[in-house]
Amino acid sequence: MRKIALFISALLMVFAFSSCSKTSPSDVANDYYSALKKGDFEKALTYTNTTNSEEIQQSVKKMQSVGLNVSDYEIVKEEIAEDGNSATVEVKYTFTSAFNENPEEKTEKLNLVKEDKKWVISAE
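Starting afresh in each chain, residues are numbered from 1 along the sequence in its written order. Where local features are concerned, this predicted model is filtered to residues with pLDDT of at least 70; where side-chain atom pairs are given and counted, the filter is 80 or more; whole-chain, interface and lining totals use all residues. Values reported for side chains reflect all heavy atoms of the structure, with hydrogen atoms and water molecules removed beforehand.

So, on to the pairing of strand 3 (residues 104-115). Here strand 2 (residues 86-96) pairs with strand 3 via 10 bridges, running antiparallel. Note on strand 3: the bridge partner recorded for Ala87 is Leu112. When DSSP finds two or more bridges between two strands, those strands count as paired. Only DSSP runs of H or I reaching four residues or more are called helices, and only runs of E reaching two or more are called strands; each is numbered from the N terminus. In textbook terms, the turn of a hairpin is the stretch between consecutive antiparallel strands, and for strand 3 and strand 4 (residues 118-122) this stretch comprises 2 residues, one of which, Asp116, has a positive phi near 55°.

Attention now moves to the environment of Tyr73. Turning to its location among the elements, Tyr73 is positioned in strand 1 (residues 69-80). Per-residue accessibility, obtained with a 1.4 Å probe over protein chains only, is compared with the maximum for each type, and a residue is labelled buried under 20%, exposed over 50%, and partly exposed between these values. The buried category is assigned to Tyr73, whose relative accessible area is 19%. Considered as a pair, Tyr73 and Tyr33 are 40 residues apart in the sequence and their alpha carbons are 7.1 Å apart. Here, two residues are considered to be in contact whenever any of their heavy atoms come within 4.5 Å of each other. Leave out the neighbours within four places in its chain, and Tyr73 touches Asn30, Tyr33, Ser34, Lys37, Val91, Lys92 and Tyr93. Counting of polar contacts relies on pairs of N or O atoms within 3.5 Å, with two restrictions inside protein: one atom must be capable of donating a hydrogen and the other of accepting it, and residues adjacent in sequence are counted only when both atoms are side-chain atoms. At 2.7 Å, the side chain of Tyr73 forms a polar contact with the side chain of Asn30.

On to the confidence of the model for the chain, then. pLDDT is defined as a per-residue confidence score from the predictor, taking values between 0 and 100. Per-residue confidence for the chain gives a mean pLDDT of 82; residues scoring 70 or more make up 79%. Confidence over residues 2-21 falls short of pLDDT 50; this stretch has 0 contacts with residues more than four positions distant or in other chains.

Let us look at the side chain of Thr48. Here Thr48 lies in the loop between helix 3 (41-45) and helix 4 (53-65). A polar contact of 2.6 Å, which involves the side chain of Thr48, links it to the backbone oxygen of Leu45.

Taken in spatial order, the 4 strands of this open sheet run 1-2-3-4, and their pairing is antiparallel. Both edges of this open sheet fall to strand 1 and strand 4, since each of them pairs with a single strand only. Pairs of neighbouring strands in the sheet enclose a mean axial angle of 35°, with direction left out of account. Axis definition: a line fitted to C-alpha atoms, over the contacting stretch in the case of helices. Angles run 0 to 180 degrees between N-to-C directions. Contacts from helix 2 (residues 25-37) reach strand 1, strand 2, strand 3 and strand 4, with the element oriented near 170° to strand 1.

Here we take up the nonpolar core. Residues belong to one nonpolar core when they are buried, are Ala, Val, Leu, Ile, Met, Phe, Trp, Tyr or Cys, and are joined through side-chain atoms within 4.5 Å. Of all hydrophobic cores here, the largest spans 25 residues; its most connected members are Tyr32, Tyr33, Leu36, Leu110 and Ile121. At the level of elements, helix 2, helix 3, helix 4, strand 1, strand 2, strand 3 and strand 4 are the ones that each hand at least two residues to this core. A per-element tally of this core places helix 2 first, with 6 residues. In this structure, Leu36 is in contact with Phe41, Ala44, Met63 and Val70, ignoring residues within four places of it in sequence.

The next thing to look at is the pairing of strand 4. Burial runs high along strand 4: 4 of the 5 residues are buried. Sheet topology places strand 3 next to strand 4; 5 bridges connect them, and they run antiparallel. Residue Leu112 lies in a different strand from strand 4, and its bridge partner there is Ile121.

See below:
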């Protein structure tokens, strides 16, 4: 009886930890902007998809080349499609650049898709 209870407890812990490891589209957007805020553009690229990453890579490299400095950001809204395979996350962020040291605020919608059961930022 004790072995059965121990087995069930272990099984419940596995399910609990596996459910905690799932990330939402907002979590991915948060990690992406956190990397941008730290100036870690290479890390930011790890949150993008591999299918059409060329366009996103060019965008991130452009941000890097103009000296983009994200000083603050906020996840405004998350919408997941009915099929659960795509989502949109609206992010408001404050930034400066090499061309303008005055902080500017911008709102952007990130498109995300599921790739290998994980949410990633997509150019589409």
